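# Structural overview for review
Listed below are the residues making up each chain.
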Amino acid sequence: MERIGFIGIGLMGQRMGKRLLAAGYPLAVWNRSADKCAELLSLGATLAADIGALLAQADIVMLCVSDTAAVEQVVFGSAGVAAHGRSDQLLVDFSSIEPAATRDFAARLQLQCGMHWVDAPVSGGVGGAESGKLVIMAGGDAADVERLRPVAAALSQRLTRMGPVGCGQVTKVCNQLIVAANAMLIAEAVALAQQSGVDASLLAPALAGGFADSLPLQILAPRMADEHFEPVQWKVATLLKDLDNAVKLARETGNSTPLAGLANQLMRLHAAGDNAQRDLSSVIELYRHAH
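Predicted, not measured: the structure shown is a model, and the values here were computed from it. (Residues numbered from 1 in each chain as written. Predicted model: local features only at pLDDT ≥ 70, side-chain atom pairs only at ≥ 80, totals over all residues. Heavy atoms only, no water.)

## Notes on the packing of aromatic side chains
Across all of its chains, the model carries 3 aromatic pairs by this definition. Plain terms: the ring middles of Phe76 and Phe105 are 5.7 Å apart, the flat faces sit at 55° to each other, and that makes the pair tilted. Of this pair, Phe76 sits in helix H4 (residues 68–76) while Phe105 sits in helix H6 (residues 99–113), placing them 29 residues apart in sequence. Between Phe105 and Trp117 the ring centres are 6.1 Å apart and the planes differ by 45°, which places this aromatic pair in the tilted class. Of this pair, Phe105 sits in helix H6 while Trp117 sits in strand E6 (residues 116–119), and the two are 12 residues apart along the sequence. We note that Phe105, like Trp117, is buried. By the ring-pair criterion, three or more aromatic residues cluster together here, those being Phe76, Phe105 and Trp117. (Phe/Tyr/Trp six-rings, centres within 6.5 Å; stacked < 30°, edge-to-face > 60°. Helix = DSSP H or I, 4+ residues; strand = E, 2+ residues; numbered from the N terminus. Buried < 20%, exposed > 50% of the residue type's maximum accessible area, 1.4 Å probe, protein only.)

## Description of the packing of helix H9 (residues 167–195) against helix H12 (residues 236–253)
Closest axis-to-axis distance for the H9/H12 pair is 9 Å, and the angle between their directions is 120°. Crossing geometry of H9 relative to H12 is assigned as left-handed. Of the residues in H12, those touching H9 at Val170, Val173, Gln176, Leu177, Val179 and Ala180 are Leu239, Asp242, Leu243, Asn245, Ala246 and Leu249. Residues that form the contact of H9 with H12 fall into these classes: 9 nonpolar, 2 polar and 1 charged. (Axes fitted to C-alpha atoms, helices over the stretch in contact; angles between N-to-C directions. Left-handed = near helix turned anticlockwise from the far one by under 90°. Contact = heavy atoms within 4.5 Å. Nonpolar A, V, L, I, M, F, W, Y, C, P; charged D, E, K, R; others polar.)

## Some remarks on the side chain of Ser96
Mapping Ser96 onto the fold places it in the loop between strand E5 (90–93) and H6. The buried category is assigned to Ser96, whose relative accessible area is 9%. Polar contacts involving the side chain of Ser96 include one to the side chain of Lys172, which spans 2.7 Å. For Ser96, the contacting residues outside a window of four places in its chain are Pro121, Gln169, Lys172, Lys241, Asp242 and Asn245. (Polar contact = N/O pair within 3.5 Å; in protein donor to acceptor, adjacent residues only side chain to side chain.)

## Quick look at unusual backbone geometry
Residues Glu230 and Pro231 are joined by a peptide bond in cis, for which omega reads -5°. Examined against the element boundaries, Pro231 turns out to sit in the loop between helix H11 (215–226) and H12. The phi dihedral of Asp274 falls on the positive side, at around 60°, and the residue is not glycine. Along the chain, Asp274 turns up in the loop between helix H13 (258–271) and helix H14 (284–288).

## Digging into the layout of surface pockets
A water-sized probe, rolled over the atoms, reveals where empty space remains. Its boundaries defined by the atoms lining it, the second largest pocket holds a volume of some 180 Å³. Lining the second largest pocket are Ile178, Ala181, Asn182, Met184, Leu185, Glu188, Leu259, Leu262, Ala263 and Leu266. Among the elements of the structure, H9 and H13 are those that each provide at least two residues to the lining of the second largest pocket. Sorting elements by how many residues they give to the lining of the second largest pocket places H9 first, with 6 residues. By residue class, the composition of the lining of the second largest pocket is 8 nonpolar, 1 polar and 1 charged. (1 Å grid on protein atoms, 1.4 Å probe; cavity = no way out; pocket = protein on both sides within 12 Å on 5 of 7 lines; lining within 4 Å. Points joined across faces, edges and corners; volume = space filled by probe spheres on them.)

No statement about biological role is implied by the geometric values presented.
And the structure:
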């Protein structure tokens, strides 16, 4: 059985770690704030003193950190993954980061220590991570993705290889573009319903199964209608970062994405009001404050 090293024990990493332990995988963890690892340690995980110690006891190294800069720091910073990696180890990055940076990082890592890279961003949010029903979109060599597949079965309902390294991140950009723009439309619909005399808490059940239905609608609309934004499931900052990546990728490839651009502006406007760490459902306040 593959030994797993996991870096980044946040909202998603915590729950993914639990799933791996429940499936019987030996798990070593490392996080900048070690206290966040306490629950996983109580369930049988091992705390690595540093990244080097984690690499020494892992066959597959998994990352789930905040952004492109964080991935670069963990992998190529002083005493990072690249300084300790071996050619028989596989790095799997669940983070959502820039596709171009991913391709660069993968090439650098293989040159420096021989490790292969699979970019494997996920969709499904905290609920999907908790239930093991994430959707994983992977980029990497076919053999590397197949090596990941049995481990990913503990975390996901589906793993799809989208192409070589970087293609997983491109797919995640497309996913987040749809989610973020959809969230803004859901907020507009909830606000319109409420200001037109409709009980907006009925929107999600009324539209369930119709053409307007979606997981974001079922999750976000009730929270927006009730102004119930806790616990945080999708951080505004995370969606804003992903929209930034979408706009940047469109610019790099010469594509036009006007709806993504508008959603990006609205998300940035909301985040600027000290809302970056709040739940995505709080974007409804953009529309309420306008009246």
